[in-house]
Structures are given as C-alpha cells and as structure tokens.
Amino acid sequence: MPYVPHSDADRAAMMKAVGIQKMDDLFQDVPAHLRYPKMDLPEPLSEMELMAELTAMSERNADLKHFMCFLGAGAYCHYIPSVVDQIVSRSEFYTAYTPYQAEISQGTLQGIFEYQSMICALTGMDVANASHYDGATAVAEAVVMAHNVSRKKRRKVVVSPFLHPEYRATTRTYTQGLELTIVGDESVRNDLPALLSMVDEDTMCLIVQTPNFLGELEDLRGVADRVHSKGALLVVVADPISLGLFQPPGEHGADIVVGEGQPLGNAINFGGPSLGFFATRENLVHKMAGRLVGQTVDAEGRRGFVLTLSAREQHIRREKATSNICSNEALNALTAAVYMAALGKCGLRRVAELCYHKSHYAAHRIGRIPGFQVMTQKSFFKEFVVKCPVPVSDLNDGLLEWGIIGGYDLGRDYPEFTNHMLVCATETCTREEIEYFAEALQEVAG
Amino acid sequence: MKVEQGLLYMESHEWARLEGDEAVVGISDFAQEELNDVVYVELPEVGDVLAHGEVFGTVESVKAASDVYLPLSGEIIAVNTDLEDSPQLVNESPYGNGWFVRIRVANPSEAKDLLSADGYAKFLAEEAEKGGH
Amino acid sequence: MTEPLIFEIGGPGRCAASLPDPDVPLAELPRDYLRDGLPLPEVGELDLVRHYVRLSQLNHAVDTGFYPLGSCTMKYNPKMNEAAARLPGFAHTHPYQDACTVQGNLRLIYELQEFLKDITGFAAVSLQPAAGAHGEFAGVLMIRAYHQARGDNKRTVMLIPDSAHGTNPASTAMCGYTVTEIRSDSRGNVDLEDLKAHCNDDVAGIMLTNPNTLGLFDEHVLEVCEAVHGCGGLVYGDGANLNAIIGIVKPLELGFDVMHFNLHKTFSTPHGGGGPGSGPVGASAALADFLPGPIAGMSEDSDCESGACCDDEGPCYSLHLPPKSVGRLKAFYGNFGVLVRAYAYIRNLGSKGLRKAAEHAVLNANYLRVKLQDVYPLPYRRVCMHEFVLSGKLPDAPAVHTLDIAKRLMDFGYHPPTIYFPLIVPEALMIEPTETESKETLDAFAQAMIQIAEEARANPDLLHSAPHITPLRRLDDVKAAREPRLRWRP
C-alpha cells in the first residue's frame, strides 16, 4: 500500500477540480509511445509478509550480535548505550528536513551546534562542520580545501601509506579532474620522517592518520612546524574514540582534522550510513565546505541557532563552490552527539582505556601462540598486526566455525603484509572472548 | 542611491579612485544595496598581481556571493583589513571606509576604458528601464 | 522558549553510561600521548533524555505536519522501514566480513540495483553514492571518463539549464569542467534554440532535471536529448524529481545516459534533519562499465570464492568493481541502512503501488495548483507534475516578499514551501505536497495560503513580523554570519 490516503470520492472531486477525466490526462507531456511502461518488480507484500522475508534475509548473515568480532579496519564494534537509539528514533528528529527554516527547526539546529562543539572539544580545533558522508570523503574534501587555501597554486599532496587504503582511493577519485599529484603511499617504508622530506613548496598538505591503519600511534610532535615551514597544511585523520585518551591533533598544530565518526554511537550497518567529521582552524572557516550551524538571536533577543556562512555552499556559489555537498549525515552526527553527551568527559575516556587494555591483552595472548608473531612495535590503540603461519583467509574460514569473525587480511592492500592479520579488540571484547579467540587461532592454524 | 563623483566605474559596479600611480578600489552604492547586508569579504593578498577584469575577491551576503573584478591592472599594495571584523562598512560607506584594495596601477591608459561617474549613472538608469539587472 | 545547551546542564563527574571495569591486566599507557582533560558534557541519563526530548519538540517534521518543500519530496516515512533497517542481521554486520557471511546483505544490494534498473530502464546501477550530489559527481566523472576513453579530451563544457539546482554546476566544477548556462523558454522548457546554438564538439554533455525545478515535464525532452547526442555529448539526469514519473515513463527511454536517484526523496527513506540520504546512479549500457563501485553481482551456481561456507541454495552474491570504474566514491559500499529502507518500500508497494504513488503525487500538486493559481502569480500556466512554482510577488502587496509569506505559514502550523528557488522565478515558492497527503490537508493548506494573500494586502506588518507562535521568532541570520559563533565555549 503506497500510503496514499485518497478515497474514490476524494479522487473524483480532485480530478473534477483539476479539470481532467482520467489520471492519464495529467501526463500528456510525456511522449505517448513511452507512457506507462511495464515494470517487473516483485508482487507487493503486506508488512507482515515483508518483515518475515526481511528477517529471514537478515538471518542469512553472520551478525556481530551472534558472532564475536575481532575485525576493525575502519568500522568498529563499540557498545552503544540504549539511550542513544531511543533518542534518535524520535520522529521529530528523523523525519525533519535540513533546518533551512530555523524557527521551526531548533531541535535539529541546536543538536548539530552541540555536535560541532563536541567535535571541536575532541579534536582540539576551533570549528567543525555539520558532517561529510564518511571519513574517506572527509579526507578528500580536506585535500580540496587545502588546494583552495593555496589558491589552486599548489598541486602536490603527500600522504602516508598507512592512511586507510579506501580513503586514499576515494581521494584519488575525487581529485581526478583537478590535475593533482598524490605521493607518499608508494612504499610502506615511507614513515613520517620520509614523508616530511617530500613536503615542498608545491605541497598543499601532508595527510597522516593516527592511530594509523595498522593501529599504531603516529608521533605528531614537530610535524606541524615542518609542514608549515613549507607553507603547507597538516591534515590529521583520527579515530574519535582514541581522542578520549590521547592528545588532540589540534594541540599539535593540525590545520584540518577529519575522521570516521561511526564509532560514536552509530551501528556498523555494513559500512553505512557513516559520519565524516571535519574540523579546522578559525581563520580557515571560509574555505571549509559543508553546512555550519551558528548561534544568533531571535526578534525577541532569545538565543537561537541558524545555518550560517551559507554563501560558501553550492546553492549560492554554484560552480564556484568548493564542494557540491548538500545532504550530509545529519542524523548520524546527532547520534554521535548523543553518544558523546551520554558518555561524557569521564565515560569516553573509560571506553578508550578499555579499548587500549583489551587490545594490549589480546596482543599479549596471541603473541604467545606458536607460529604467530605480533609485529607492532610502536604504541598502538585498538588494533595491532599479527604475522600468521597460514593465510589469513584460511584462518578466518576456520574461525567462523568457532563463532568468530576474524581480523582484516592486510595482504589485500599491502603485498609486504601477506599472511598478516590486523586484529581489533574494543571495549566490547571480554577476557573470556579474547582467550577463546587465541585458543581458536591456535586450533585453526593447526 | 549614490554615484560618487570623481571616480571611475565598471558596469559590474566596481569603482576606482586614482591617486597618482595608485588607485583605491571598492564597490558602488548600487552594488551594496543589491547585495543587502554584507557578511564577509574575501580579499587577495598584498603582493598579488592581477589584470584588468580579473576576479580579485568575493563579497558575501547571507543569501548571495558576488565576485569582484579589478578595474585596472596592477599589484595589490594594501587590503582593507577592517572588513574582516566589520564587513558592514561596505554597506555603510561603500566609497569611503568600505574600500577593498589599493593597487599600484600597471597601465594608466586602461583608465580610458572605464566609465565616468556620469557614464555609470546613465548605465544604471538604462538598466533600470530595461527592468533587469 | 529556549533549551539550555547540553554543556550548561549537569555537573562534574556525571555520566549517563554504565561501563564495566577492566577484566584484563592493565597495560602501560603511553604517557607522552595522553591528553590532559576532555571538555565534553557531564550529564546523568535523565537530564540527557529530557534535553533531547525537549529539543525534538522544537522541530517541525513530516510526522508533526504538512511539509510541502518543493524538490525534497517530504513523503511519509513508513515505520516498517525503520524496523527493517534495525534488524540485527542487517544493522550489525561489518563491511569487511567474508562475502559468504553476508549473503543476505549482498542479495539486498543486488536486488535493489535490479529494482532501480527496472524502474528507470538503465542497464546498470551503483548504490555507492551517499547522497544525490554524490551521485551527480559520479555521473559527471563517468561522462568525463567515457570521453577520455574515446580519446576525446576536447570536451570540457557541461550545459546546464538556468533552472538547475546548485549542486549541478558545483559537481561539474569538481570534475574540472566549465559550465555554459542554457535558457529556459516561456513555457518553462529548455530553450531548444539556445541549446542548439551551444551544441558543439566542446560539449561533454548536459545536466537535465526532468520534470524540471519548475515542476514541469519538458515538452521537448526527446529533442533536447537528441540535440546533445547529435553533437557527441551525453545526457545526465538529475533524478531528484523522479517521484512524478515512476511507472509513467522510464528515463533511459527518454534519452538519458546516466542519472542519479534520491532514495531519501522518491523512495521514502527519512531526511534525518539533513541526512543520511543515498544517491544511487544508473547508467546506460555504454556507460555501465564506468560506474563507481564496488557493486553487487550474482551468479546462479552457489560457487563463491571461499565455497566452504556458502549454503547449497544458490544463487551466490558478491561485490566487484566495474571494469572501467571511475573509482570508489567513499569507503565501503554505500549507505546500507538507507538501502534497506528503500528496498522494503519497493517490496511493499510493488509496481502498481509505485505507479499509484506517482499518479497521486501529480494529482495532489495539480489540485493545489488550481486552487492557488488565481491567488498568487503562477508564471507557467501548464499542467504541472509533482510540484509547481508560484511567485510571492502579489501585485497589490509590493511590500510583502516570499520570505514573509513563508514565515507567516509557520503560524498556521505548516512548514513553508521551498523559497527563492529556482532562480529563474523571482520570489519563487515551490510547492510539492507528495502523494501521502490527504485532500483535507491540501484544502486546509490552500485556505491558509489564501488567507495569507489577503493579509498581505490588508495587514502586511503581520507578515513582516511573522512567525509569531513558533518556539522562536524570526532569527537574525545577518548577525550569525557577521559574528560567527560556531561552537560553545566555556
């Protein structure tokens, strides 16, 4: 049923008012020989039948409520307090539109203003926008912004090989029409010092991820100064949960901080919808894309919020806009805000600490399995690299029988890391599960 | 709506005031009225060298953004930094404190291609009659 | 009525989440990396809940009232779709899980691709773009890749009608192309003469919205597509207005080569206060290989790569990148949670239901049009599609602007229509009721509009000072832009 409320009488009265005899009269501008084509969609199902079918379809999946999860690599299982989904399930939030008419959208506007504020607090930056689609597109937009900050004069981007592979691919897709060169990720040996030596007067930005794709913390001390000395910008890609524990990139002189906000209260949802958070310095705000909520007053002097600095955006700048973004991930941003508010100052730090300790315990236990070697030398958060005695895909097949979703096969992206598994352990992994995982790995490896 | 005497104008509503081998540049009263409340002005950097007719900045209001075109080729030797905190100067004093940039004029002969104050006023009247802008 | 900011509520030490203690030995924290303080809110759960519930009550939403925003298709968001998307088997799956462990998801993606192909006529579909603008960007990239593959690097111009949405030229510029604007004619169609005058071998293509942003089906759409094809260009379709034509005509058959769709408009997924949306892109056979990806494929025999875990009931679903793909547009595969909702909607309505929805969307719009066309100026007096554009320039109320009319509508409990767009109609008011609204809602809305027109003549100040009974009165957006305060500071 198409949720069309019209009775026959309604339809008749309306058609009479419009002056038509039949519905077809409304479509006279559509070429007659093409009108009313055949569609071959499945027969409609009632809600009851449809929910049964969808439930069955969903149960063909191995989901993370029924399987243990040691897989991260850019999408993470964190515990979502019940209060979060309850709040964002309120239809006043999710059936509202973009808050262009501020007087009747203060719920959305204030919610997003609070989100922006929390992202600034987390990242140590001055201003954050209302979201991009995900971490990958946020990186791409950061590059476009850096290009514009250089007034389109600089053509080179230096990027760490341990920025998430799909973020690098997305950035290349985004910039294919702009004649830029992206270097740095040709070799896994390009560590921070090597990357810094590539930054020159033609470089618009250096992009570094921390924790990086391998889970290692990158040492940002002194990096911003080196990058700035060449007139370039420092873009840091950060895991938001890690920022509950570690120094924010803003304190290290980052110019743009972006990342994937899914870990903040959003279910994994097979990779989307996600949440690209984006924060920058005050003096760069006019070059930042995306919607922005700002504070103001109403006709009676009361505090209120509006979308602002809109002249940056596509509906006003059109071909001169720095981005075409219109719809964003507003509800996911609100979800992240509710999560950050629910956990708060104390809670987010505790979640981060739990992730840290659980992942270190997992590394310790796995390191003791004969044939397995933990490769991570530097400080790490949530994820670490394990060299395995057999191919990772074989291990993961075997682990399924044990009710476990195993880690990421790094050989997919880095030929140097064939048979290396990226293992993730968050606050949701119990000690028993970690030990069970270690036991399973040992058994499956044979 | 004022057309200030002694200035040279472009049909795109920028003005230039010649001062020896320098010129001060801004937008006309008509332009600021059309834009409504100016909220932000993007200006070039001192040292930039631009040609006559090139875009040298942007003026933003809440609902619109307009490029501004340089009336005369030259090097930017000063920008009006007051506009950063007080963009409303463009509305309040478009020919005075709301100036945009000062340039060293590269090619003084270009001035003859610009409109005089009367010429600009006449242009505005013609446009108004056409009903368009 | 104002609600305090979350930072202004609560107090030190409060937390709304309950977490377990560590059950593992504590590893040594890296001292050099630790942060000093984390200025997030500190609230208990009750304060948190009250804050957000009160905030929600400040919003107008589809679930609270009529929302006739032109081009946004604010139709009812079925609750069944919400339940479907939250099924744990869908919501709690990881994108990098082995394909055999997510056959349910891959089947859904594949079937939704197939449904959209059937509805629109396109040969292939990618569900990866996360929003309409994202899909547009993909489409322009695909056109560019197509020409480059033919060895034609000369084509760098995109033709865009003057009625186009701002995302069209913005997407064009992102690909390094330039825009040439094409005029609309007096009936609201693309001006064929102007179009033909600009068709040459510099043209990569045209970006066409049909029905257009005036709510009109282009009377010469076949000729427009032919003219562009004739000079070697391709036709990109902005599918924002698809709600008017599902089951009425297939865009591919009109001559479109590539088009994006908005699941959050046409296919009932909720707008979320600005997102998330989903902007799948469909391609003709000639462009299919260039689609962004990965996209889902199906093989009849249950022979997946790691055959061990697939059950014996074929078929088998997997992901692949189209052979000449423009690349990936984001991480993973698309806004899957949104895809589930659209899938459920299509399975619930079926072909007949979708056609019925389109017909009633168009009937509702025309019904409102005839009720209002002699009250407000209607620049294009033609049968409209799912939306129509009035002007707020009432002849005997020169001091009243569309903005005032919009703000006054709020006092009647309505969200205003889209205002000041498209740009080619001065003081535009774009009204799209959608098919899910009843006749009595439309009658009441028309009555309010008529009353406001009378007020505009008799008492314009009432409009200038509107809205009066909303949670906040008219907000100062000049102040917001001149003195940006974009975050809370302690």
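Small disclaimer: the values here were computed from a predicted structure and weren't measured. (Residues numbered from 1 in each chain as written. Chains lettered and ligands numbered in written order. Predicted model: local features only at pLDDT ≥ 70, side-chain atom pairs only at ≥ 80, totals over all residues.)

Residues and elements named next belong to chain C. Taking 1.5 Å per residue, twelve residues should reach 16 Å; helix H1 (residues 45–56) reaches 16 Å between its end C-alpha atoms and fits that length. Where H1 is concerned, the buried positions are Leu48, His51, Tyr52, Leu55 and Ser56. For H1, the buried positions fall inside an angular range of 130° around the axis, keeping them on one side. (Helix = DSSP H or I, 4+ residues; strand = E, 2+ residues; numbered from the N terminus. Expected span 1.5 Å × (residues − 1). Buried ≥ 20, exposed ≤ 12 C-beta atoms within 10 Å, placed from the backbone. Arc of directions from axis to C-beta.)

The next thing to look at is the interface of chain C and chain A. Contact residues are listed per partner, giving 171 residues for chain C and 168 residues for chain A. If you tally residues by element for the side of chain C that touches chain A, the top one is helix H10 (residues 336–372) of chain C, at 21 residues. Split into classes, the residues belonging to the side of chain C that touches chain A amount to 94 nonpolar, 47 polar and 30 charged. (Contact = placed C-beta atoms within 7 Å. Nonpolar A, V, L, I, M, F, W, Y, C, P; charged D, E, K, R; others polar.)

With that out of the way, let us pick up unusual backbone geometry. With an omega dihedral of 5°, the bond running from glycine 272 of chain A to proline 273 of chain A counts as a cis peptide bond. Mapped onto the elements of the fold, proline 273 of chain A is located in the loop between strand S7 (256–260) and strand S8 (276–280). Residues alanine 466 of chain C and proline 467 of chain C are joined by a peptide bond in cis, for which omega reads 5°. With respect to the helices, strands and loops of the structure, proline 467 of chain C is situated in the loop between helix H13 (460–464) and helix H14 (477–482). The phi dihedral of tyrosine 36 of chain A falls on the positive side, at around 55°, and the residue is not glycine. As for its position among the elements, tyrosine 36 of chain A is in the loop between helix H1 (8–18) and helix H2 (47–58). Accessibility expressed as a C-beta count within 10 Å gives 13 for tyrosine 36 of chain A, which makes it partly exposed. Its identity as a non-glycine residue notwithstanding, asparagine 36 of chain B has a phi of 75°, on the positive side. Residue placement: asparagine 36 of chain B occurs in the loop between helix H1 (29–35) and strand S4 (38–42). Of the residues examined, asparagine 36 of chain B has 13 C-beta atoms within 10 Å and is grouped as partly exposed.

Moving on, we come to the sheet that holds strand S9 (residues 101–105) of chain B. Residue and element names in this part refer to chain B. One open sheet holds the six strands; their spatial order is S1-S2-S3-S9-S8-S5, and the pairing between them is antiparallel. Strands at the two margins of the open sheet, each flanked by one partner only, are strand S1 (8–9) and strand S5 (49–50). Relative to strand S3 (residues 22–27), strand S2 (residues 14–19) is paired through six bridges, and the arrangement is antiparallel. Following the sheet pairing, glutamate 14 is matched in S3 by isoleucine 27. (Pairing = 2+ DSSP bridges.)

Our focus in this paragraph is the packing of helix H12 (residues 392–401) of chain A against helix H13 (residues 431–445) of chain A. Packed helix pairs are characterised by how far apart their axes lie and by the angle those axes make with each other. All names here are of chain A. H13 packs onto H12 with a crossing angle of 120° between their chain directions and a minimal axis gap of 9 Å. When the axes of H12 and H13 are compared, the pair comes out oblique. The interaxial crossing formed by H12 with H13 has right-handed handedness. Residues Leu395, Gly398 and Leu399 of H12 form the contact with H13, whose own contacting residues are Ala440, Leu441, Val444 and Ala445. Split by residue class, the contact of H12 with H13 holds six nonpolar, one polar and no charged. (Axes fitted to C-alpha atoms, helices over the stretch in contact; angles between N-to-C directions. Parallel < 35°, antiparallel > 145°, perpendicular 65-115°, else oblique. Left-handed = near helix turned anticlockwise from the far one by under 90°.)

Bringing the packing of H1 of chain A against H10 of chain C into the picture now. The contact between H1 of chain A and H10 of chain C brings their axes to 9 Å, and the two run at 50°. When the axis of H1 of chain A is compared with that of H10 of chain C, the two are oblique. In this structure, H1 of chain A crosses over H10 of chain C, and the sense of that crossing is left-handed. The residues of H10 of chain C that touch H1 of chain A, namely those facing Met14, Ala17 and Val18 of chain A, are Leu363, Asn366, Tyr367 and Val370 of chain C. Broken down by class, the residue content of the contact of H1 of chain A with H10 of chain C amounts to six nonpolar, one polar and no charged.

Further remarks concern the nonpolar core. Core analysis: the biggest nonpolar cluster contains 353 residues, and Cys205, Leu206 and Val235 of chain A together with Met142 of chain C have the highest contact counts within it. Ranked by residue count, the leading element in this core is helix H11 (residues 330–367) of chain A, at 22 residues. (Core = buried A, V, L, I, M, F, W, Y, C linked by C-beta atoms within 7 Å.)

This part covers the domain arrangement of chain A. The figure often quoted for interface size is the accessible area lost as the parts come together. All names here are of chain A. Here chain A is described as being made up of domain 1 (68–80 + 345–445) and domain 2 (82–339). Look at where the C-alpha atoms of domain 1 and domain 2 centre, and you get two points 28 Å apart. Each side of the interface is counted separately: domain 1 has 26 residues, and domain 2 has 22 residues. Among the secondary structure elements, those contributing two or more residues to the side of domain 1 that touches domain 2 are H11 and strand S12 (383–387). For the side of domain 1 that touches domain 2, the element with the most residues is H11, which contributes seven residues. A per-class count over the side of domain 1 that touches domain 2 returns 15 nonpolar, four polar and seven charged. (Domains from an automatic or database assignment.)

All names here are of chain A. Reading across the sheet, the four strands line up as S11-S12-S15-S14 and stay open at both edges, with antiparallel pairing between neighbours. Across the chains shown, the open sheet's two edge strands, defined by having one partner strand only, are strand S11 (373–374) and strand S14 (408–409). Sheet contacts for H11: S11, S12 and strand S15 (420–424); angle to S12, the most-contacted strand, approximately 10°.

Taken together, the contact pairs six residues of chain B with four residues of chain C. Among the residues forming the side of chain B that touches chain C, the class breakdown is four nonpolar, one polar and one charged.

Its location among the elements puts leucine 26 of chain A in the loop between H1 and H2. Owing to 23 C-beta atoms within 10 Å, leucine 26 of chain A belongs among the buried residues under this scheme. Taking the C-alpha atoms as reference, leucine 26 of chain A lies 9.6 Å from methionine 15 of chain A; in sequence the two are eleven residues apart. With near-sequence residues (within four places) excluded, leucine 26 of chain A lies in contact with Ile20 of chain A together with Val362, Leu363, Asn366 and Val383 of chain C.

For the rest of this paragraph, the subject is the pairing of strand S8 (residues 74–79) of chain B. Residue and element names in this part refer to chain B. In this structure, S5 lies alongside S8, joined through two bridges in antiparallel fashion. Bridged to leucine 50 within S8 is glycine 74. One ladder, built from five bridges, connects S8 with S9; its direction is antiparallel. Of the residues in S9, the one forming a bridge with glutamate 75 is arginine 104.

So, on to helix H12 (residues 439–458) of chain C. All names here are of chain C. Taking 1.5 Å of rise per residue, 20 residues should cover 28 Å, and H12 covers 29 Å from first to last C-alpha, within 8% of that figure. Three or more residues of H12 are buried, namely Leu442, Phe445, Met449, Ile452 and Ala456. Seen end-on, H12 carries its buried residues on one side only, within an arc spanning 85°. Residues of H12 that are exposed and point more than 90 degrees away from the buried face comprise Glu440, Gln447, Glu454, Arg457 and Ala458. The inward-facing, buried residues of H12 abut H10, helix H11 (402–411) and H13.

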